[in-house]
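If you want the building blocks of each chain, they are given just below.
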Amino acid sequence: MTKQAQLPPPTLAIVIPCYNEEEALPHSIPALKSLLDELTTKGEIKADSYIMCSNDGSNDGTWQLIEEMHLEDKRVRGISLAHNRGHQYALLAGLMSVIDRCDACVSIDADLQDDPRAIVEMVRDYRLGKEIVYGVRASRKTDTFFKRSTARGFYSFQKAMGLETVYDHADYRLMSNRALQLLSEYGEANMFLRGIIPQIGLDTAVVSYDRNHRVAGESKYPLSKMLALSIDGITSFSAKPMQWIFMVGLISFVLTLAVTIYVLISYFYSTHINPGWASIMLSIWGLGSMILMSIGIVGEYIGKIFVEVKGRPRYAIKDRLWD
Ligand code: UDP
Ligand code: MG
């Protein structure tokens, strides 16, 4: 068997968003440290690999705990946000803080619901040249029926709304330093990482894993936060809802033509028609459909403004040959 050329072992940064995770961290940090040890011993990663905790304005002892762990082992590092900004921003802050300070990073939740063993395979894919490796859930056996069905609804709804995401992939993924640099060029305020990262491009791979129960503590992602994330994702990526208004207007306009024929026939041939009925019917349908179409047209322009103000990078250069 021919052996494919491998990249040298990377300096790996494991980025963890943490919000009130004082119960989970004492389980998850040691587990991740021993995984780093194992990968270092096997020569898969460099010994200066580390864990970056991004404290999302927790109001329990999370930050103190991270400080203690840092004193004990310098491989545990952290940043602390001034207030609670939500999982996406805590994660983004963590990712931005490791740019140019690692060769690859893996983002994972503090509760280790996502099997950390998948990191082994992610690193293997990275060394084979993949720059983004998505962790995808093989099954959701351990999620409650409610969580499972709401999550399914969440993906299908997004898809219907024109947002492309990787199915059953949350934010558990490996990214190369180059992918991080490209991500940093997205300056938009509403960051929906699962929508943006597939847009970056580069060589990708998928690793599947089983989802476990939370190691400790409770979910920090109730339905309300999930809905907010879904709406945020759709409205940050798609102008489809606005285009629908135009379509509804267009359909009503076509219906108006049919209604006009019906009203005129009734007007001329029916003997018991109320005075004023024909003119009211025609104006309601005619004006209604025109108003809807006009809103749709205005929506198209707002859609354009929406894309412009985001100021997203228009392209990403992967390689350069120079001299
Ligand atoms: N999290 C965060 N800020 C928040 C909510 C959650 O940083 O406002 C973190 C949390 O600490 C965890 C991850 O996001 O590391 C996922 O949260 P959780 O496990 O509670 O969500 P679930 O798995 O239940 O969807
Ligand atoms: Mg969780």
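Above: the structure in question.
Trainee: Explain the site of ligand 1 to me, and be specific about the residues and the numbers.
Mentor: Close contacts around ligand 1 come from 20 residues, with Glu-21, Asp-56, Asp-111, Ser-219 and Lys-220 the closest. Pro-17 places a main-chain nitrogen or oxygen 2.7 Å from an oxygen atom of ligand 1. At a separation of 3.0 Å, an oxygen atom of ligand 1 approaches a polar side-chain atom of Arg-211. Alone, ligand 1 offers 540 Å² of accessible surface; in the complex the protein occludes 95% of this. Taken together, the elements giving at least two residues each to the shell around ligand 1 come down to strand S1 (12-18) and helix H3 (87-98). Looking at the shell around ligand 1, its residues break down into 6 nonpolar, 5 polar and 9 charged.

Trainee: With reference to specific residues and values, describe the coordination of the magnesium ion (ligand 2).
Mentor: For a metal with four donors in a tetrahedral arrangement, the ideal angle between donors is 109.5 degrees, while six donors in an octahedron ideally sit at 90 or 180 degrees. Within the first shell, the magnesium ion (ligand 2) binds the protein through Asp-111 (OD) and Gln-113 (OE1), at distances of 1.9 to 2.0 Å. For Asp-111, a relative accessible area of 4% puts it in the buried group. Given the relative accessible area of 13%, Gln-113 is considered buried.

Trainee: I'd love a proper account of unusual backbone geometry, names of residues and values included.
Mentor: The phi dihedral of Asp-100 falls on the positive side, at around 65°, and the residue is not glycine. Structurally, Asp-100 is set in the loop between H3 and strand S4 (104-107). Unusually for a residue other than glycine, Leu-112 sits at a positive phi of about 50°. Within the fold, Leu-112 resides in the loop between S4 and helix H4 (118-127).

Trainee: Hey, could you go over a nonpolar patch on the surface for me, with residue numbers and the actual values?
Mentor: On the surface, Ile-245, Phe-253, Leu-257, Leu-287, Met-290, Ile-291 and Ile-295 cluster together into a nonpolar patch covering about 620 Å² of accessible area. Those elements giving two or more residues to the nonpolar patch turn out to be helix H9 (240-269) and helix H10 (277-310). With 4 residues, H10 is the single largest residue contributor to the nonpolar patch. On the basis of relative accessibility, which here comes to 43%, the residue Ile-295 falls in the partly exposed class.

Trainee: Before we move on, could you go through the environment of Ser-184 and cite the residues and values that matter?
Mentor: Inspection of the secondary structure puts Ser-184 in the loop between helix H6 (177-183) and helix H7 (193-200). Given the relative accessible area of 38%, Ser-184 is considered partly exposed. In this structure, the C-alpha to C-alpha distance between Ser-184 and Thr-150, residues 34 residues apart in sequence, is 31 Å. Other than its neighbours up to four places away in sequence, Ser-184 contacts Met-96 and Ile-99.

Basis of the calculations
- Residues numbered from 1 in each chain as written.
- Chains lettered and ligands numbered in written order.
- Predicted model: local features only at pLDDT ≥ 70, side-chain atom pairs only at ≥ 80, totals over all residues.
- Heavy atoms only, no water.
- Near = heavy atom within 4 Å.
- Polar contact = N/O pair within 3.5 Å; in protein donor to acceptor, adjacent residues only side chain to side chain.
- Areas by Shrake-Rupley, 256 points an atom, 1.4 Å probe, with all protein chains shown as cover.
- Helix = DSSP H or I, 4+ residues; strand = E, 2+ residues; numbered from the N terminus.
- Nonpolar A, V, L, I, M, F, W, Y, C, P; charged D, E, K, R; others polar.
- Donors = N, O, S within 2.8 Å, 3.2 Å for Na, K, Ca; no water.
- Buried < 20%, exposed > 50% of the residue type's maximum accessible area, 1.4 Å probe, protein only.
- Patch = residues over 30% accessible without salt bridge, like charges linked within 9 Å, V, L, I, M, F, W, Y side chains within 5 Å.
- Salt bridge = Lys/Arg side-chain N within 4 Å of Asp/Glu carboxyl O.
- Contact = heavy atoms within 4.5 Å.

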